[in-house]
Amino acid sequence: MFCFLSHRTQRRLGISTQWVSIVACSLVGNFNSAFANPSINDPNAPLPALGVIEGAEKQIRLMYDAFTKWEQLAANSYAAAKTGNTIPHAELSKTYVRSYQGIWYAQHLQAMGEPAGYDLEQKFVLLRNALGGFAGALSKYQPKHLALLKSKVVPLRSTVEKANELLKSDQLEAAEQLIREFHLKQLASVFYLTHSQSKDFENAIAPLHNRILRSLNQRRRSEYRDRAQADLPWGASQRQQFQVDLQDVLSRFDESDARSAEAITSIGRLWTNAVRALTRSEVITLAFATGGSNGLRRIGDDDLSELRNLVISTLNEVIRRSAQGLPPDSENAPAVYAQILKELSIIDRRCHVDLEREMAASLEEFLDRFPELSVKATTYRAATEQPMKWMHRFAEEQRTHAQRAISPTSQLLDRKATAHDIEILPIYRQRHGGNYILTPKTLSRPCNWVVAESQTLLGEAIRDSHLHRYSEQPPAVCTQSDARYLCRIAAPPRFQIAEQQVYRTLLIAHQFPPLSYQAANAITSIERLEYAEFGGSVSGLTLAPIATRFGTDHPDESLAIQLDRGLQHDPSITFAKQVIWEVDVTPHWIQHDLYFAELPSVSSQGSIQSPVQN
């Protein structure tokens, strides 16, 4: 158990008491952070909390608020110093001490698996360095504080010796509390001194303090990880419940004569929820890992395969029971069969490996039970298969022509470019010139700077694939095929002329239901505006830690991963430091499997004008 300095000690040292003590370490269930992620529209938005350990979310909120306040104090003081005005040196000294606390508390957040800890550490390190630059303007105070530090040399040595003994006896909390209290007092005077004046005093205490902190945070991380592992969202009981729920779908299907489509929809929802829980469990496990995760067994590898097999088995059983529940001469058989195909196609588009071949035998059994339907399906396929091939080929050719010289999203994000000029407070060293990747893979620099610089990419042409709607509400989101990014289209366009041509070709306009899997897929992808390919321009960028993007409770839209493949990330990089970029796209053209359509006019506001099919 760990707690920060008591409020009494903080008041005695002149340190703000607004920091929250993270004492309780119990787990928080169903956490949903209210924070937004930094975006081009709001680059200063704080990172959200993963929220596995209680107290982390509140600590993060207070630390971002405090940083903004103290950064502004430093900026105002710098401006005053430049104009020859008096600076509030006593308040700056306290803020200098607070910046060290910010660094240490941020490292504690990292031990809690919180990505925000890495961003906050960078911010407070930069603030500390900036505050250290005021020493040159405070020379008249230096003799007093130098003398004060010299008078504390004996207590300093005594404190270091005692802390060292506590460290050797593995009393890390006691050692850290002892050395921290002395170190904070010393830092209040170090603020006034140049590096050459203060280095001997800091070298006597800082290396040991940092070593204790590293050991303590390693222990905390281990303890937090064990607590988190004991209450993961996915485990043996959830796996068993999933099987029970699938059987319950079959039972209700029998007892109430429920429609096949509803049963398949329920199975798809159960699968989605299971993968969400499994993904959150993997995120929580990886969030406490240091370094890459190459040596760690992925928590979902076996379960993803097992879930897929269970779902396939249940879907096949639904298809068989649907056929058995209808008389051989049923007039409803074509409609039931078509609806089964449509619902299966919706789930199929969310999979890495097609489901169609896994359903082929049971679908064929369905047709065998209804000879008249079997003849109709054979005739339907013969009538539509060749036109669909030609439509698909023509759509592919048009898309190939449209995407010439347009980069895939992944290439754009990996390309070096000149950063957008941003205003950084003059207390920091300015970054000028040079080309570099504007969308890094990790929390390598303060998020607000990174996001602001990425404005260079606005308006860039990109293309991508697999647009999917994960809920009935916008936006449509691309399935994650790359660990680096997701694409979003706020309002996917409709193309009624092209859609009507598809309906005519597939005989839907003549009251025929789609009697082939390919036709059903074409129809449902039109109905749900789920396009195979699209091109457009970048209209927005949002930076999100991959841990909080996929590890917190969000609506369906957040689960932009393939149901049988799982979360994509870079196993060579510390997971909690990895980020994913959400790229907002204004569409210029789309490719459905059976048609290509473009939007010839896009207004300056990004709204779509006069959509037509090419």
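Structure's up top.
Sequence order as written defines the numbering, with residues in each chain counted from 1. The predicted origin of the model limits local features to residues at a pLDDT of at least 70 and limits the giving and counting of side-chain atom pairs to 80 or more, whereas totals for whole chains, interfaces and linings rest on all residues. With hydrogens and water set aside, each side-chain value is computed from the structure's full complement of heavy atoms.

1. Things to note about the overall build of the chain
Then, in step 1: Helix and strand counts for the chain stand at 20 helices and 13 strands.
Then, in step 2: Relative to its 614 residues, the chain shows a buried fraction of 53%.
Then, in step 3: When contacts within the chain are restricted to residue pairs at least 6 apart in sequence, those whose partners lie at least 24 apart make up 77%.
Then, in step 4: The protein chains shown are the only cover counted for residues, whose accessible areas, like all others here, come from Shrake-Rupley with a 1.4 Å probe. By element, 48% of the accessible surface of the chain is carried by carbon and sulfur atoms, the whole surface being about 27,300 Å². In this description a helix means any DSSP run of H or I spanning at least four residues, a strand means any run of E spanning at least two, and both kinds are numbered starting from the N terminus. The classification of residues rests on relative accessible area computed with a 1.4 Å probe and restricted to protein chains. Under 20% of the type maximum is buried, over 50% is exposed, and intermediate values are partly exposed. Whether two residues touch is decided by their heavy atoms; if any such pair falls within 4.5 Å, the residues are in contact.

2. Considering the layout of surface pockets
Then, in step 1: The definitions used throughout rest on a 1 Å grid laid over the protein atoms alone, on which a cavity is an enclosed set of points accommodating a 1.4 Å probe that cannot get out and a pocket is an open set flanked by protein within 12 Å on both sides along at least five of seven lines; lining residues are those having an atom within 4 Å of a point. Grid points are joined across faces, edges and corners, and a volume is the space filled by probe spheres set on the points. Its boundaries defined by the atoms lining it, the largest pocket holds a volume of some 820 Å³.
Then, in step 2: In terms of lining residues, the largest pocket is bounded by 29 residues, among which Asp348, Arg349, Asp354, Asn521 and Asp593 are the most central.
Then, in step 3: For this classification, the nonpolar set comprises Ala, Val, Leu, Ile, Met, Phe, Trp, Tyr, Cys and Pro, the charged set comprises Asp, Glu, Lys and Arg, and every other residue, Gly included, is treated as polar. Of the residues contributing to the lining of the largest pocket, the split by class is eight nonpolar, 12 polar and nine charged.
Then, in step 4: By volume, the second largest pocket is sized at about 690 Å³.
Then, in step 5: Around the second largest pocket sit 28 residues that line it, and Tyr100, Ile103, Trp104, Arg128 and Asn210 are the ones nearest its centre.
Then, in step 6: Those elements that place two or more of their residues in the lining of the second largest pocket are helix 3 (89–111), helix 4 (116–132), helix 7 (172–190), helix 8 (195–203) and helix 9 (206–229).

3. Digging into the pairing of strand 10 (residues 595–598)
Then, in step 1: A pair of strands is treated as paired once DSSP finds two or more bridges between them. Bridge count between strand 9 (residues 579–592) and strand 10: four bridges; the pairing is antiparallel. Bridge pairing in strand 10 links glutamine 591 to phenylalanine 596.
Then, in step 2: Where strand 9 hands over to strand 10, the hairpin turn is made up of two residues, counted between the paired strands.

4. Here's the deal with the pattern of salt bridges
Then, in step 1: Salt-bridge detection follows one rule: a side-chain nitrogen of Lys or Arg within 4 Å of a carboxyl oxygen of Asp or Glu. Throughout the structure, instances matching the rule amount to 25 salt bridges.
Then, in step 2: Residue glutamate 306 is joined to arginine 239 by a salt bridge in which the shortest nitrogen-to-oxygen separation is 3.8 Å. You can see glutamate 306 sitting in helix 12 (residues 301–324) and its partner arginine 239 sitting in helix 10 (residues 236–256), a full 67 residues away along the chain.
Then, in step 3: We classify arginine 239 as partly exposed; its relative accessible area is 23%.
Then, in step 4: A salt bridge links glutamate 527 to lysine 342; the shortest N-O distance between them is 3.3 Å. Taken as a pair, glutamate 527 in helix 19 (residues 517–527) and lysine 342 in helix 13 (residues 333–348) lie far apart in primary sequence, 185 residues in all.
Then, in step 5: You can call glutamate 527 partly exposed: its relative accessible area is 40%.
Then, in step 6: Classification of lysine 342 by relative accessible area gives buried; the value is 14%.
Then, in step 7: Here the salt bridges share partners, and the residues they tie into one network are Glu317, Arg320, Arg321 and Glu365.

5. Looking at the packing of helix 3 against helix 9
Then, in step 1: The axes are straight lines fitted to the C-alpha atoms, using for helices just the contacting stretch, and the angles between their N-to-C directions are given from 0 to 180°. The interhelical angle for the contact between helix 3 and helix 9, taken along N-to-C directions, is 30°, at an axis separation of 8 Å. Overall, the two elements helix 3 and helix 9 adopt an arrangement that is roughly parallel. By crossing handedness, the relation of helix 3 to helix 9 is classed as right-handed. Here Trp104, Gln107, His108, Gln110 and Ala111 of helix 3 lie close against helix 9, whose contacting residues are His209, Asn210, Leu213, Asn217, Arg220, Arg221 and Tyr224.
Then, in step 2: Counted by class, the contact of helix 3 with helix 9 contains four nonpolar, six polar and two charged residues. Should an angle fall under 35 degrees it is called roughly parallel, over 145 degrees roughly antiparallel, and 65 to 115 degrees roughly perpendicular, with every other angle called oblique. The crossing is said to be left-handed when, going from far helix to near helix, the turn is anticlockwise and less than a right angle, and right-handed when the turn is clockwise.

6. A few points about the packing of aromatic side chains
Then, in step 1: Each pair of aromatic rings taken from Phe, Tyr and Trp, with Trp reduced to its six-membered ring, is defined by centres within 6.5 Å and is described as stacked if the planes are under 30 degrees apart, edge-to-face if over 60, and tilted in the remaining cases. Counted under the stated rule, the structure contains 11 aromatic pairs.
Then, in step 2: Linked through ring pairs, Tyr96, Tyr100, Trp104, Tyr141, Phe191 and Tyr192 together constitute an aromatic cluster.
Then, in step 3: The ring of tryptophan 390 has arginine 393 lying over it, and the distance from NZ or CZ to the ring centre is 4.7 Å.
Then, in step 4: A ring is scored as having a charge over it whenever the NZ atom of a lysine or the CZ atom of an arginine sits within 6 Å of its centre and within 35 degrees of its normal. One residue, arginine 549, lies across the ring of phenylalanine 550, its end atom 5.2 Å from the ring centre.

7. With respect to the environment of isoleucine 462
Then, in step 1: Tracing the chain through its elements places isoleucine 462 in strand 4 (residues 461–465).
Then, in step 2: Residue class for isoleucine 462 comes out buried when judged on its relative accessible area of 0%.

8. Structural notes on the environment of isoleucine 284
Then, in step 1: Inspection of the secondary structure puts isoleucine 284 in helix 11 (residues 260–287).
Then, in step 2: Beyond its immediate stretch of four places on either side in the chain, isoleucine 284 contacts Val52, Ala228, Leu232 and Pro233.

9. As for the side chain of glutamate 582
Then, in step 1: Structurally, glutamate 582 is set in strand 9.
Then, in step 2: The class for glutamate 582 is buried, based on a relative accessible area of 6%.
Then, in step 3: Counting of polar contacts relies on pairs of N or O atoms within 3.5 Å, with two restrictions inside protein: one atom must be capable of donating a hydrogen and the other of accepting it, and residues adjacent in sequence are counted only when both atoms are side-chain atoms. A distance of 2.3 Å separates the side chain of glutamate 582 from the side chain of arginine 549, its partner in a polar contact.
Then, in step 4: Beyond its immediate sequence surroundings of up to four residues, glutamate 582 is in contact with Leu486, Arg488, Gly540, Leu541, Thr542 and Arg549.

10. Digging into the packing of helix 13 against helix 19
Then, in step 1: Where helix 13 contacts helix 19, the axes come no closer than 8 Å and their chain directions differ by 70°. If you check the angle between helix 13 and helix 19, you find them roughly perpendicular. Between helix 13 and helix 19 lies a crossing of right-handed hand. Across from Leu341, Lys342, Leu344, Ser345, Ile346 and Asp348 in helix 13, the residues of helix 19 making contact are Tyr517, Ala520, Asn521, Ile523, Thr524 and Glu527.
Then, in step 2: Considered class by class, the residues forming the contact of helix 13 with helix 19 number six nonpolar, three polar and three charged.

11. So, the side chain of aspartate 303
Then, in step 1: When you line up the elements, aspartate 303 lands in helix 12.
Then, in step 2: A relative accessible area of 8% means that aspartate 303 is categorised as buried.
Then, in step 3: Of the polar contacts made by the side chain of aspartate 303, one reaches the side chain of arginine 239; its length is 3.0 Å.
Then, in step 4: If sequence neighbours within four positions are ignored, aspartate 303 has contacts with Trp234, Arg239 and Leu278.

12. Description of helix 13
Then, in step 1: Helix length check: helix 13 (16 residues) gives 22 Å between terminal C-alpha atoms against 22 Å at 1.5 Å per residue, within 8%.
Then, in step 2: Counting buried positions along helix 13 yields 13 of 16 residues, so the element is predominantly enclosed. A helix's residues, less one, multiplied by 1.5 Å, set its expected span.

13. Remarks on the pairing of strand 4
Then, in step 1: Judged from the two bridges that link them, strand 1 (residues 407–408) and strand 4 form a sheet pairing that is parallel. Its bridge partner lying in strand 4, serine 407 is registered against isoleucine 462.
Then, in step 2: As judged from the five bridges shared by strand 4 and strand 8 (residues 533–545), these two strands associate in the antiparallel manner. Paired with isoleucine 462 across the two strands is glycine 536, which belongs to strand 8.

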